[in-house]
Amino acid sequence: MKTDFHQAKWEGGLSDLSAVSLDAEHQEIFEKAVAGCAGTPVWQRRIRTEVREFVALSMVSGRIVTAMVDARDDLRIMFELRVPVPTLPDPDGELVVEDRALLVLTYPEESLFSPRPGFSFVNLLQPNHLFLANAAPSDPALPLQGLGQAICLGPEIAAGTPVKEIVLRTFGALTMQSVQLDERDAAGVMNPAAAAWWLQNRHRMPLTREGFLEYEPSDQS
Amino acid sequence: MQDTRNSFLEVFEGPNPGHATRLPDRERLPAYVSADPLPLERLDDLRALVIGTGAVGGPLAVDLARLAPAQIGIVDPGIFKAQSVATQPIQPGEVGCCKAELMARRCKEISPRTRVLYYPGAVQELSLVELAQFNMAILATDNLFAEVESGRHCTALGIPMIQGSVQGETMVVHVRFFGNASADSPCPACGFGRQEWDLFGSEVSFSCEGAAAATPRPEVATQPTMSTSGQCGLAASLVINQVLRATLRLGAPVEDSLLEYCGMTHRSHLSALRRNPDCPCEHRRYELSTARRPLERCSLAELAKQAGPDELLDFTVGEWRWAERGVCECGHEQAVGLFVAPGHELAGHCARCGRPLHCQPFFLHRRIGAACFETIGHRPLHELGAERVDWALVRSGHGGVLFQNPAQENED
């Protein structure tokens with residue numbers, strides 16, 4: 001189900017995604033993704049809507065490569081996102097900003113009618129050693145691929161929040177366009193050491209000011 | 001395995017057994033005008049759960065105890081605050097006490113023969129099997145999260161739910177009766193408009209620090225009840241009136257109705273509650289069934305067979321997660337096929353280096369689809385890693401069957 005990053009030339013907004021006509025390649029991704037879709041009829045309909053919008057977003061943004069979709073119970077999407085990712089592989093070393101993230105997005109049926117924790121949707125698999133106040137500290141025992149560092153997208157994700165919005169919030173969290181560094185805040189932080197470091201290095205935030213849909217892939221992509 | 005179960009605590013009689021004999025036992029209940037000759041005996045079967053013991057739920061629980069039902073359960077995560085004395089049936093010396101426990105003890109004192117249980121946490125932390133031991137739920141909280149979750153669970157289990165609330169500014173009391181006769185009955189969320197959904201989203205938050213917990217506990221920011229103890233007591237009395245009418249079948253049926261009383265005009269209005277076809281809640285009915293032997297010794301095939309011939313959707317085995325694949329610290333990935341406990345997500349050992357395998361979020365499932373059935377369906381759950389199973393849910397095309405453990409081991 002792999003595809004190359006797609007050149008973005010789209011004038012619409014997020015609310016227009018359902019009207020995007022998928023090209024043959026992305027239509028195939030969509031059909032394979034929903035083929036094993038299970039659960040109640042209401043949930044299956046919702047999965048189809050969410051997956052189609054996600055695939056449309058990947059097509060028009062050029063930032064996303066869909067790796068795997070599993071819609072047998074909760075909706076799970078493994079995808080690569082073109083985004084600056086701050087990492088600290090060596091605790092005493094320099095910050096390393098990678099250019100892509102392998103993420104797992106888990107979207108449970110309960111999210112349709114119940115607010116969910118902001119840290120329960122997205123986990124970063126690669127690169128390991130993500131260094132963000134709003135991401136769980138990495139496991140140093142796993143140098144190559146982590147088990148999944150949870151990324152917190154806010155104190156709560158409201159019931160019915162669509163997948164496309166979760167993807168955008170993830171982009172905001174990784175680029176630090178949206179950030180919470182105050183340990184005393186009721187929402188808390190997931191990595192106090194990272195929060196302290198970024199407080200001392202505010203001038204490095206955000207990692208990019210580019211918008212999600214403004215992505216221009218380079219020839220080396 | 002870590003014990004992640006949340007269950008009720010029971011209150012037992014105090015050290016003064018003679019106390020019980022002095023208490024009246026329904027002596028003052030009138031001979032209601034009814035076609036049924038022995039309606040009062042129905043109270044012996046009443047097992048009522050009170051969710052929220054504040055200004056409405058507190059007096060309501062006490063009134064309920066005076067009916068001497070078979071069982072009372074009380075759920076409230078809070079403690080009494082100094083301000084509680086203004087609206088709730090407590091003494092100043094009881095400030096700081098656990099609400100659920102204090103009210104449960106009071107109910108037990110009033111009705112020693114009633115089995116009284118309490119849970120000092122949020123209702124959504126209790127499993128369906130815990131809730132299934134009640135045949136009526138009474139909701140007395142302004143917490144929309146508890147409202148939606150209780151409504152969803154009561155719809156699933158077919159438990160009638162009565163909700164009492166007050167609007168202090170207008171002196172209006174609301175009593176909603178959700179009959180839950182079928183999965184298509186209305187639930188509290190059916191009546192939500194945009195405003196309620198927005199409020200619902202804004203009053204719930206989760207601290208990042210809860211990320212490590214197996215079941216993150218939400219922080220719910222609700223406003224305190226702005227009303228008088230009298231008006232809250234009125235709401236409690238009207239709820240008890242509906243409990244009596246439903247239990248003893250007095251008067252016209254009260255199911256799926258909204259009773260509004262306005263203290264400023266002394267007018268009351270009764271209207272019907274209706275199912276909203278666009279309600280996002282699942283509106284599914286689960287039949288409660290007891291497994292023929294301890295659940296961990298059952299296979300999914302046995303449970304599916306006992307559940308009946310309906311088209312299978314999926315299985316949920318208590319709080320266990322199904323790990324399809326795992327990854328080792330050495331980087332090796334391999335198929336697993338084991339149940340793992342939430343929060344302790346280790347799944348066997350690496351075939352290459354022998355170190356523990358960790359679960360990956362993409363390959364960790366709460367539900368097992370019917371497709372997995374062919375490979376693991378005939379193996380007992382304990383052989384697949386689920387050493388102790390409190391409940392299991394088999395969902396099918398139209399609803400599902402919720403299995404609980406047998407009371408005593410009964411091997412075939």
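Residues numbered from 1 in each chain as written. Chains lettered and ligands numbered in written order. Predicted model: local features only at pLDDT ≥ 70, side-chain atom pairs only at ≥ 80, totals over all residues. Heavy atoms only, no water.

1. A few points about the packing of helix α2 (residues 57-66) of chain B against helix α3 (residues 99-110) of chain B
Residue and element names in this part refer to chain B.
Right, so step 1: At a minimum axis separation of 8 Å, α2 and α3 run at an interaxial angle of 25°. By the criterion of interaxial angle, the relationship of α2 to α3 is roughly parallel. Judged by the sense of rotation from one axis to the other, the crossing of α2 with α3 is right-handed. Across the interface between the two elements, G58, A61, V62, A65 and R66 of α2 pack against M103, R106, C107 and I110 of α3.
Right, so step 2: Looking at side-chain class alone, the contact of α2 with α3 contains 6 nonpolar, 1 polar and 2 charged residues. (Axes fitted to C-alpha atoms, helices over the stretch in contact; angles between N-to-C directions. Helix = DSSP H or I, 4+ residues; strand = E, 2+ residues; numbered from the N terminus. Parallel < 35°, antiparallel > 145°, perpendicular 65-115°, else oblique. Left-handed = near helix turned anticlockwise from the far one by under 90°. Contact = heavy atoms within 4.5 Å. Nonpolar A, V, L, I, M, F, W, Y, C, P; charged D, E, K, R; others polar.)

2. A word on the pairing of strand β3 (residues 96-107) of chain A
All names here are of chain A.
Right, so step 1: Sheet topology note: the strand β2 (residues 75-87)/β3 ladder contains 11 bridges and is antiparallel. Each bridged residue has a counterpart across the sheet, and for F79 the counterpart in β3 is L103.
Right, so step 2: Taken together, the 4 bridges between β3 and strand β4 (residues 122-126) define a ladder with antiparallel strand orientation. The residue of β4 that forms the bridge with L103 is L124. (Pairing = 2+ DSSP bridges.)

3. Points about the interface of chain A and chain B
Right, so step 1: Between chain A and chain B, the contact holds 38 residues from the first and 39 residues from the second.
Right, so step 2: Carbon and sulfur atoms make up 60% of the area that chain A and chain B hide from each other, which totals about 3,300 Å².
Right, so step 3: Connecting chain A to chain B are 6 salt bridges.
Right, so step 4: A salt bridge links R72 of chain A to E324 of chain B; its shortest N-O distance comes to 3.0 Å.
Right, so step 5: At the boundary of chain A and chain B, one finds 11 residue pairs in polar contact (both at pLDDT 80 or more).
Right, so step 6: Among the secondary structure elements, those contributing two or more residues to the side of chain A that touches chain B are β1 (64-70), β2 and β4 of chain A. (Buried area = accessible area lost by both parts, 1.4 Å probe. Salt bridge = Lys/Arg side-chain N within 4 Å of Asp/Glu carboxyl O. Polar contact = N/O pair within 3.5 Å; in protein donor to acceptor, adjacent residues only side chain to side chain.)

4. Observations concerning the domain arrangement of chain B
All names here are of chain B.
Right, so step 1: Domain annotation for chain B reports domain 1 (9-272) and domain 2 (287-410).
Right, so step 2: Between domain 1 and domain 2 we count 0 salt bridges in total.
Right, so step 3: For the pair domain 1 and domain 2, the interface holds 0 residue pairs in polar contact (both at pLDDT 80 or more).
Right, so step 4: Its residues assigned to classes, the side of domain 1 that touches domain 2 comprises 5 nonpolar, 1 polar and no charged. (Domains from an automatic or database assignment.)

5. Observations regarding the environment of C262 of chain B
Right, so step 1: Within the element layout of this structure, C262 of chain B appears in strand β10 (residues 257-262).
Right, so step 2: Sequence-distant contacts of C262 of chain B, defined by excluding residues within four places in its chain, comprise T170, M171, V172 and R267 of chain B.

6. Considering the sheet that holds β1 of chain A
All names here are of chain A.
Right, so step 1: Here 5 strands make up an open sheet; going across it, the order is β1-β2-β3-β4-β5 and the pairing antiparallel. Each edge of the open sheet is held by one strand with a lone partner, namely β1 and β5 (149-151). Within the sheet, the average angular offset between the axes of one strand and its neighbour, ignoring direction, is 35°.

7. Comments concerning the packing of α2 of chain B against helix α7 (residues 229-248) of chain B
Residue and element names in this part refer to chain B.
Right, so step 1: As a packed pair, α2 and α7 sit with axes 9 Å apart at the nearest point and diverge in direction by 40°. Handedness of the α2/α7 crossing: right-handed. Of α7, the residues touching α2 (which contributes P59, L60, D63 and L64) are A236, S237, V239, I240 and V243.

8. Looking at the nonpolar core
Right, so step 1: By size, the foremost hydrophobic cluster in this structure holds 77 residues, and its most contacted members are L75, F79, L103, Y107, I151, V167 and L174 of chain A.
Right, so step 2: Among the elements that make up this core, the one with the highest residue count is helix α2 (residues 41-61) of chain A (9 residues).
Right, so step 3: Aside from chain neighbours lying at most four places away, what touches L75 of chain A is W43, I47, E50, V51, V69, D70, L105, T106, Y107 and V163 of chain A.
Right, so step 4: Core analysis: the second largest hydrophobic core is formed by 48 residues, A55, I110, F177 and Y261 of chain B among them. (Core = buried A, V, L, I, M, F, W, Y, C linked by side-chain atoms within 4.5 Å. Buried < 20%, exposed > 50% of the residue type's maximum accessible area, 1.4 Å probe, protein only.)

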